[in-house]
Amino acid sequence: EVPEGVRRLETHRVPLGVSFFHPSGLSLSVTTTYWNQNGKFQSPLTGETRSGRDDFFLTDAAISYRLPKRYGFITVGARNLFDKEFRFFDDSDNPIIQPDRMFFARITLAFP
């Protein structure tokens, strides 16, 4: 289903990531994603059609610690680490990228 006002939309992304895992249980991951979007949008008020495009890089990073006996992970990280501003049309109900820098913490538990 195409959202109202969108006439054409092409989005491309190329992620490149690296992860490091230490035997102590500590790990680090960094992912930089190149985004490119081109589209034609129609104003619901005037009916005027305009073109829009942007290309940009976003970087996400996280550091994790594996709990003893593999009972889970504790992770802290950031999305859009460098708080990059961009023009990107995204589904407001289910966005795929973080428009502002966001820090997070997560605990993942695995019970045997």
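Refer to the structure presented above.
Residues numbered from 1 in each chain as written. Predicted model: local features only at pLDDT ≥ 70, side-chain atom pairs only at ≥ 80, totals over all residues. Heavy atoms only, no water.

Undergrad: Looking at this structure, I do not really get the nonpolar core. What am I missing?
TA: Generally speaking, soluble globular proteins have nonpolar side chains that are buried together. In this structure, Trp 35, Phe 56, Leu 58, Phe 86, Phe 88 and Ile 97 together form the largest nonpolar core, which totals six residues. Not counting residues within four places of it along the chain, the set of residues in contact with Ile 97 comprises Trp 35, Phe 56, Leu 58, Phe 86, Phe 88 and Asp 90. (Core = buried A, V, L, I, M, F, W, Y, C linked by side-chain atoms within 4.5 Å. Buried < 20%, exposed > 50% of the residue type's maximum accessible area, 1.4 Å probe, protein only. Contact = heavy atoms within 4.5 Å.)

Undergrad: Is there a simple way to think about the environment of Trp 35 in this case?
TA: Relative to the helices and strands, Trp 35 resides in strand β2 (residues 26-42). Here Trp 35 falls in the buried class, since its relative accessible area comes to 4%. In this structure the C-alpha to C-alpha distance between Trp 35 and Asp 54, which are 19 residues apart in sequence, comes to 8.0 Å. In contact with Trp 35, other than residues within four places in its own chain, are Thr 11, His 12, Arg 13, Asp 54, Asp 55, Phe 56, Leu 58, Phe 88, Ile 96 and Ile 97. (Helix = DSSP H or I, 4+ residues; strand = E, 2+ residues; numbered from the N terminus.)

Undergrad: What is the right way to read the packing of aromatic side chains from this model?
TA: Geometry of an aromatic ring pair is reported as the spacing of the ring centres plus the angle between the planes. Overall, the coordinates contain five aromatic pairs when judged by the stated rule. Ring centres 6.0 Å apart and planes at 90 degrees place the aromatic pair Phe 56 and Phe 88 in the edge-to-face group. Of the two residues, Phe 56 sits in strand β3 (residues 49-66) while Phe 88 sits in the loop between β4 (72-79) and β5 (102-109), which places them 32 residues apart along the sequence. Assigned by exposure class, Phe 56 and Phe 88 land together as buried. Connected via pairs of aromatic rings, a cluster forms that spans Trp 35, Phe 56, Phe 86 and Phe 88. (Phe/Tyr/Trp six-rings, centres within 6.5 Å; stacked < 30°, edge-to-face > 60°.)

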